[in-house]
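Architecture at a glance
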Protein chains: 2
Amino acid sequence: MVQIRHALSVKRADNFAEWYQAVIAEADLAEESGVRGCMVMKPWGYGIWERIQRLMDARIKAAGVDNCYFPIFIPLSNFEREAEHVEGFAKEMAVVTHHRLIAGEDGKLVPDPEAKLEEPLVVRPTSETIIGDAMARWVQSWRDLPLLTNQWANVVRWEMRTRMFLRTSEFLWQEGHTAHETREDALTETHRAIEMYRACAEDELAIPVIVGEKPENERFPGAVETWSIEAMMQDGKALQAGTSHYLGTNFAEASGIRFQDREGSQQLAHTTSWGFSTRMVGGVIMTHGDDDGLRVPPAIAPHQVVILPMLRDKPEDAALLAYCEELRDAIAGKDVLREPVRVLLDRKPGKAAAKRWDWVRKGAPVIIEVGGRDMENDVVSLLRRDDLWNMENGKPNFSTPSRTETADRVVAILQDMQTALFVEARDRRERNVTRDVNEFSQIEALYAEGASAPGWVEVQWSRPTGEELEAVIERLKALKLTFRNVPVDAPPADGKCIFTGKPAVERIIVGRAY
Amino acid sequence: MVQIRHALSVKRADNFAEWYQAVIAEADLAEESGVRGCMVMKPWGYGIWERIQRLMDARIKAAGVDNCYFPIFIPLSNFEREAEHVEGFAKEMAVVTHHRLIAGEDGKLVPDPEAKLEEPLVVRPTSETIIGDAMARWVQSWRDLPLLTNQWANVVRWEMRTRMFLRTSEFLWQEGHTAHETREDALTETHRAIEMYRACAEDELAIPVIVGEKPENERFPGAVETWSIEAMMQDGKALQAGTSHYLGTNFAEASGIRFQDREGSQQLAHTTSWGFSTRMVGGVIMTHGDDDGLRVPPAIAPHQVVILPMLRDKPEDAALLAYCEELRDAIAGKDVLREPVRVLLDRKPGKAAAKRWDWVRKGAPVIIEVGGRDMENDVVSLLRRDDLWNMENGKPNFSTPSRTETADRVVAILQDMQTALFVEARDRRERNVTRDVNEFSQIEALYAEGASAPGWVEVQWSRPTGEELEAVIERLKALKLTFRNVPVDAPPADGKCIFTGKPAVERIIVGRAY
Ligand SMILES: [Zn+2]
Ligand SMILES: [Zn+2]
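What you see is a predicted model, and the numbers here were worked out from it, not measured in a lab. All residue numbers refer to position in the chain's written sequence, counted from 1. The naming scheme follows written order: chains are lettered A onward, ligands numbered 1 onward. Side-chain atom pairs in this predicted model are given and counted only at pLDDT of 80 or more, local residue features only at pLDDT of at least 70, and totals for whole chains, interfaces and linings cover all residues. Computation of side-chain values: all heavy atoms of the structure, hydrogens and water removed.

1. Considering the coordination of the zinc ion (ligand 2)
Residues and elements named next belong to chain B. To keep things clear, this is the line we draw: Metal-coordinating donors are taken as N, O and S atoms lying within 2.8 Å of the metal, or within 3.2 Å when the metal is Na, K or Ca; because water is left out, some sites can appear incomplete. Counting from the N terminus, the helices are the DSSP runs of H or I reaching at least four residues and the strands are the DSSP runs of E reaching at least two. Partly exposed residues are those whose accessible area sits between 20% and 50% of the maximum for their type, while under 20% is buried and over 50% is exposed, using a 1.4 Å probe and protein chains only.
For the zinc ion (ligand 2), the protein coordination sphere consists of His 191 (NE2), Glu 225 (OE) and Glu 225 (OE), at 2.2 to 2.7 Å. Here His 191, found in helix H5 (residues 183–204), pairs with Glu 225, found in strand S11 (residues 225–232); they are 34 residues apart in sequence, far enough to count as distant. Assessed through its relative accessible area of 32%, His 191 is described here as partly exposed.

2. Overview of the packing of helix H1 (residues 16–26) of chain A against helix H7 (residues 279–288) of chain A
Residue and element names in this part refer to chain A. The following threshold applies: Lines fitted to the C-alpha atoms define the axes, with helices restricted to the stretch that makes contact. Angles between their N-to-C directions range from 0 to 180 degrees. Angle categories: roughly parallel below 35 degrees, roughly antiparallel above 145, roughly perpendicular from 65 to 115, and oblique for all the rest. Handedness of a crossing follows from how the near helix is turned relative to the far one, being left-handed for an anticlockwise turn of less than a right angle and right-handed for a clockwise one. Only heavy atoms matter for contacts: two residues are in contact if any of them lie within 4.5 Å across the pair. For this classification, the nonpolar set comprises Ala, Val, Leu, Ile, Met, Phe, Trp, Tyr, Cys and Pro, the charged set comprises Asp, Glu, Lys and Arg, and every other residue, Gly included, is treated as polar.
It is the contact of H1 with H7, at a shortest axis distance of 11 Å, that shows an interaxial angle of 115°. Accordingly, the angle class assigned to the pair H1 and H7 is roughly perpendicular. Remark: the crossing between H1 and H7 carries right-handed chirality. Across the interface between the two elements, Phe 16, Trp 19, Tyr 20, Val 23 and Ile 24 of H1 pack against Gly 282, Ile 285 and Met 286 of H7. Within the contact of H1 with H7, the residues separate by chemical class into seven nonpolar, one polar and no charged.

3. Some details on the relation of the copies chain A and chain B
Definition in use: Least squares is the method for superposing the copies, and the C-alpha atoms it fits come from residues with pLDDT of at least 70 in both.
Rotating chain A by 180° and translating it 0.0 Å along the rotation axis places it on chain B, where the RMSD comes to 0.0 Å. Between the two chains, the operation in question is that of a two-fold axis. For chain A, the minimum C-alpha distance to the rotation axis belongs to A:Val96 and amounts to 2.1 Å. An overlap of 100% is found between the interface residues of chain A and their copies at the interface of chain B, pointing to a shared contact surface.

4. Describing the sheet that holds strand S22 (residues 433–434) of chain A
Residue and element names in this part refer to chain A. Here is the rule: Two strands qualify as a pair provided that DSSP identifies no fewer than 2 bridges between them.
Reading across from one edge, S22-S23-S26-S24 is the order of the four strands in this open sheet, with mixed pairing throughout. In this open sheet, the two strands that pair with only one neighbour each are S22 and strand S24 (482–483). Pairing between strand S23 (residues 456–461) and strand S26 (residues 506–511): five bridges, direction antiparallel. The residue of S26 that forms the bridge with Val 457 is Val 510.

5. Description of the sheet that holds strand S19 (residues 343–345) of chain B
All names here are of chain B. Read across the open sheet, the four strands follow the order S19-S16-S20-S21; overall the sheet is mixed. Here the strands that pair on one side only, and so sit at the sheet edges, are S19 and strand S21 (381–384). Pairwise comparison of adjacent strand axes, ignoring direction, gives a mean angle of 20° for this sheet. In this sheet, S19 lies alongside strand S16 (residues 305–309) in parallel orientation, the contact comprising three bridges. Bridging across to S19, Ile 307 finds its partner in Leu 345. This element, helix H9 (residues 352–362), spans S16, S19, strand S20 (366–370) and S21 of the sheet and lies at about 170° to S16. Against the sheet, helix H11 (residues 403–431) makes contact with S16, S20 and S21, and its axis sits at roughly 10° relative to S21, the strand it touches most.

6. Examining the side chain of A:Glu128
All names here are of chain A. Note the following rule: Think of it this way: Lys and Arg go in the positive column, Asp and Glu in the negative one, and His and the chain ends go nowhere. Between Lys or Arg on one side and Asp or Glu on the other, a salt bridge is scored when a side-chain nitrogen of the former is within 4 Å of a carboxyl oxygen of the latter. Polar contact is defined as a pair of N or O atoms within 3.5 Å, subject to the rule that within protein one atom must be able to donate a hydrogen and the other to accept it, and that residues adjacent in sequence are counted only when both atoms are side-chain atoms.
Its location among the elements puts Glu 128 in helix H4 (residues 128–138). No salt bridge is formed by the buried Glu 128; its nearest oppositely charged neighbour, Arg 157, is found at 6.9 Å. A polar atom in the side chain of Glu 128 sits 3.2 Å from the side chain of Thr 126. Among the polar contacts listed, one links the side chain of Glu 128 to the side chain of Ser 273, at a separation of 3.2 Å. For Glu 128, the contacting residues outside a window of four places in its chain are Glu 175, His 177, Phe 220, Leu 247, Phe 251 and Ser 273.

7. Remarks on the interface of chain A and chain B
Condition: Buried area: the accessible area, evaluated with a 1.4 Å probe, that two parts lose upon being put together, summed over both parts.
If you look at the interface, chain A gives 67 residues, while chain B gives 67 residues. Each partner contributes to the roughly 5800 Å² buried at the junction of chain A and chain B, and carbon and sulfur atoms together form 64% of this total. Across the contact surface, chain A and chain B share six salt bridges. For the salt bridge of A:Glu92 with B:Arg100, the shortest nitrogen-to-oxygen distance reads 2.4 Å.

8. A closer look at the nonpolar core
Rule in force here: In these notes, a set of buried Ala, Val, Leu, Ile, Met, Phe, Trp, Tyr and Cys residues joined through side-chain atoms within 4.5 Å is what counts as a nonpolar core.
If you look at the biggest cluster of nonpolar residues, it comprises 72 residues, and the most contacted ones within it are A:Phe73, A:Val96, A:Val123, B:Phe73, B:Val96 and B:Val123. Excluding residues within four positions of it along the chain, B:Val96 makes contact with A:Ala94, A:Val95, A:Val96, A:Val123, B:Phe73, B:Leu117, B:Pro120, B:Leu121 and B:Val123.

9. Let's talk about the domain arrangement of chain A
All names here are of chain A. To be explicit about the condition: For the domains described, the bounds stem from an automatic or database domain assignment.
Entries for chain A in the domain assignment read domain 1 (16–94 + 127–288), domain 2 (298–426) and domain 3 (433–511). On a C-alpha basis, the centres of domain 1 and domain 2 stand 37 Å from each other. At the interface, 19 residues of domain 1 touch 17 residues of domain 2. A combined buried area of about 1500 Å² lies between domain 1 and domain 2, and 67% of that area is made up of carbon and sulfur atoms. Three residues, Trp 44, Arg 51 and Pro 208, lead the burial of domain 1 against domain 2; their summed loss comes to 44% of the area buried on that side. The interface formed by domain 1 and domain 2 includes one salt bridge. Here Glu 339 and Arg 51 are joined by a salt bridge, their closest N and O atoms 2.7 Å apart.

10. Looking at the packing of aromatic side chains
We count it as follows: Geometry of aromatic contacts follows a simple scheme: Phe, Tyr and Trp rings, the Trp one being its six-membered ring, pair when their centres are within 6.5 Å, and the pair is stacked under 30 degrees between planes, edge-to-face over 60, tilted otherwise.
A full pass over the atoms with the stated rule returns 30 aromatic pairs over all chains. Plain terms: the ring middles of A:Tyr46 and B:Tyr69 are 6.4 Å apart, the flat faces sit at 15° to each other, and that makes the pair stacked. Here A:Tyr46, found in helix H2 (residues 43–62), pairs with B:Tyr69, found in the loop between strand S3 (66–67) and strand S4 (73–75), and the two come from separate chains. On the basis of relative accessibility, which here comes to 6%, the residue A:Tyr46 falls in the buried class. Ring geometry for A:Phe70 and A:Trp138: centres 5.9 Å apart, planes at 35°, overall tilted. Taken together, the positions of A:Phe70 in the loop between strand S3 (66–67) and strand S4 (73–75) and A:Trp138 in helix H4 put the pair 68 residues apart, joining distant regions of the chain. With respect to burial, A:Phe70 and A:Trp138 carry one shared label: buried. Every member of this aromatic cluster is reached through a ring pair, and the members are A:Phe440, A:Trp461, A:Phe483 and A:Phe499.

11. Brief notes about the environment of B:Val306
All names here are of chain B. Within the secondary structure, Val 306 sits in strand S16. Judged by its relative accessible area of 0%, Val 306 falls in the buried class. Distance in space between the C-alpha atoms of Val 306 and Ile 368 is 6.1 Å, their sequence separation being 62 residues. Excluding anything up to four places from it in sequence, Val 306 contacts Leu 344, Asp 346, Trp 359, Ala 364, Val 366, Ile 367 and Ile 368.

12. Some remarks on H4(A)
Counting buried residues in H4(A) gives eight out of 11 residues, a clear majority hidden from the surface. Restricting attention to buried positions, one finds in H4(A) the residues A:Glu128, A:Thr129, A:Ile130, A:Ile131, A:Gly132, A:Ala134, A:Met135 and A:Trp138.

13. Side note on the side chain of A:Asn67
If you trace the backbone, A:Asn67 turns up in strand S3. Here A:Asn150 takes part through its side chain, which lies 2.9 Å from a polar atom of the side chain of A:Asn67. Leaving out residues up to four positions away in the same chain, A:Asn67 has contacts with A:Asp57, A:Ile60, A:Lys61, A:Asn150, A:Trp152, B:Pro43, B:Tyr46 and B:Glu50.

14. What about helix H8 (residues 317–332) of chain A?
Residue and element names in this part refer to chain A. Inclusion rule: By this rule, a helix spans an expected 1.5 Å times one less than how many residues it contains. When we speak of the arc, we mean the arc of directions from the helix axis to the C-beta atoms.
Its 16 residues place the ends of H8 22 Å apart at the C-alpha level, agreeing with the 22 Å of an ideal helix rising 1.5 Å per residue. Listing the buried residues of H8 in full gives Asp 317, Leu 320, Leu 321, Tyr 323, Cys 324, Leu 327 and Ile 331. Each buried residue of H8 lies within a common arc of 160° when the element is viewed along its axis, so the set occupies one face. Of the surrounding secondary structure, the elements contacted by the buried residues of H8 are strand S16 (305–309), strand S19 (343–345), strand S20 (366–370), helix H10 (372–376) and helix H11 (403–431).

15. Brief notes about the pairing of strand S12 (residues 238–246) of chain B
Residues and elements named next belong to chain B. The element S12 is largely enclosed, with a buried count of eight among its nine residues. Summarising the sheet, S11 and S12 pair through seven bridges and their orientation is antiparallel. Its bridge partner lying in S12, Ala 231 is registered against Leu 239. In sequence, S11 turns back onto S12 through a hairpin of five residues, with Gly 236 there showing a positive phi of about 85°. Here S12 pairs with strand S15 (residues 270–277) via four bridges, running antiparallel. Each bridged residue has a counterpart across the sheet, and for Tyr 246 the counterpart in S15 is Thr 272.

16. Observations regarding a negative patch on the surface
The condition that has to hold: Exposure above 30% relative accessible area and the absence of a salt bridge qualify a residue for a patch, where like charges join within 9 Å and nonpolar side chains (Val, Leu, Ile, Met, Phe, Trp, Tyr) within 5 Å. Note on areas: Shrake-Rupley, 1.4 Å probe, and residue coverage restricted to the protein chains presented here. A charged residue contributes its charge at one atom only: NZ of Lys, CZ of Arg, CG of Asp or CD of Glu.
Taken together, B:Glu216, B:Glu467, B:Glu470 and B:Glu474 make up a surface patch of like negative charges. By the secondary structure assignment, B:Glu474 is in helix H13 (residues 466–477).

17. Focus on the environment of A:Asn432
The topology assignment puts A:Asn432 in the loop between H11 and S22. Among the polar contacts listed, one links the side chain of A:Asn432 to the backbone oxygen of A:Arg428, at a separation of 2.7 Å.

Following this line, the structure appears as structure tokens:
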């Protein structure tokens, strides 16, 4: 096979973590801000998040959930409810203590000692307690239920070790919070939300996920059930990519969400919460990136098609631009994935070849170059990002459809690419899940020092609890492994627990994780 | 004329400020959160903001401006640049000083003294400085210009006296920040942005505005030109509803935004900034509200049509619901204002009449009630929010179109209402701008104690500066008046300055303001 000169400075196989940083830098997705643990999301990275947000928001609205907006600040006392139940409570959160800056003695600015808050405020790490307070005001009768709310917001958790998109002190997310009359209604909502995340991840982000319930030790504190979607990154690690919690009446009790039921007696509401964040952009990178940069699934690409006119600062440029504008309008007039095609005519100054590689690294699904010769021949030069190289000569794999057929060709490619990226990722995951594991020693062998990217194992277990579970967790921890979830569509157990030797009750996924 | 029993507890004419709070409460738009100066935006209020945001965002994208996201925290030292130039600098801002909470000696939570930040962080009151830092990194050559960025974000300004939507400690907004090669390019962008605000306010919010430049004393600190759109509320006061600033090279110098120009020498970029916030929801209330609550212009109504089936907990309900669902689908299949009609079938439990008045107070543009008799007669009972009362009998002004013509009728009403609300507000404003004022004593008479809602005056002036201007400002201040702006489309000056007696150079609007 011929040698290919890839567009990125680092290869996945050489150093996956460095490759991840290289994609973020070279696809111009985000950068460090200089403010501890906070990143700047640049247009292409933020544009991907905006697309995800818009598609998810449509699903949230279609489910009858109403968006609201709650304060960014939470009084410190709200956390005391929680602290009462937590040994050695210590939380990494941003704490606001003053409301004014003044010039100090040396002319430097300082927080004004006269403007110290009586009660410090915490920048929300999540809005559970403040939304709980609102729900307690809003819910009086069963007629007020279900109460289905969602918020798109920034949240802050003071992280010591950060990694762009995956773990940052400030991140963006949506948090759904709902209250229901009955356990059944709340469970139905919990499962609806996780199914919504699955559909968004698979159909729009082209990321195959495993839907399942978390084991006891991985539950959100206070939750009765925690569900997750788990995606496998190209290094075999899991990314938990969305969670949905059934909270029983625990949070309703803490916040006082009570209602008069149909028989006239007072009841605690059953609540749920579910969230999905900018972390998913990291998931898109680690699922679809390759050694040439990012590949953005068409459904979430800010621009699905980029047209690059090969301008030469000559009078002929005008005709070339007119040719490209007509092409852009023809493509923009088509629909794909139920929306008009998003096409950019990139007129920025710069050499067309340099711009081509910029868009390759960014992962625009289709790149169309138009030069004088293309125009003469009434064609375009088209590159499909997921089929970038001609394997016979090691050069970019241009095709040259005629001008008039280009728009239809683009639509067909985008549709196909959305599916192809998903299938590629799903097949890779399936090759990397080991399902015929019957002894713990097999796990030890798979994850021994030096074994590369073994992916996940699915094992049968007896769902131990308490100390028996803790012992299992320790054994896994020694191999840097954690339980991911119990896949909802796994076949029933029919053997012995790999950990306890007792009869198994279900199958569970084990892997390393971000 | 017959007596009408209005749906709201307070009338505009009786107490405009109380009426404003009543609309917010009774239309369920927002509420106090219990966190100082921060409000909770409830579904209908936040839904209106979401619609405004979506329409404005489309305009921003169409102008080639890229959305980004910058950190919520700004290092204190960033404000020191600014403080150097400001006598007695003191700013009301939320200051983060610690990054951890721990349990104190009495079990209460306290900021951990061990986790004190070396440099305090400020919760952004605006992102000028942090975006300036990024621009300095991103701009090297003229090829990098124009750099057109925008951010949708929450910002915090510690306000002492707050009023929902109009002045809150935390609010939501968009802030555009752009950098350009030349003064001309930056001025063109400044004017483009204010024209975008005008178009959004007038075409989508149905709020007539006056576009103009602010006089010197009302400029944003550091700006060379500040433009605003000014809207007149129903009490005659002005609401500044969007501003756009040409910042010259002042901010580029402070942040170091330099580029190599086409001739190879280093230049400072010319920058602009422009913003538009949740304050506009307050403007919608005070422009379109009436004594029955809010009236939401169709373009920004979360639901444009609400269908209320008159359910009676009887077997016949099923047929009634089927009739309503068919109606909903027929209406949702139509387009209005270039989008599918947004229609809600409200199945919530509750008496239909009570629900009708809830939707009247919220200001849904069209309310359709369907009872058993309507179904028998193959009609619906339709209420148009901006034509609510039958003036002959003082009852709700229902019309009863046939089922099959309802969808088309709804489209026609929504289209008409979008224009009608605008025309009503524009005519009211025009009645309340006094243009034939030649002596300052006329202004004193107009705004004397007891003169009710005199609106604005447009006067000719000589554009004094320095102490001469300050004296004018003091005279106006005694009447609680301020300069609003110099309307871009006012006729040229042809007389004397009402303040100085010198030849006038332009016309300027004077009024009371929020
Ligand atoms: Zn369940
Ligand atoms: Zn100008």
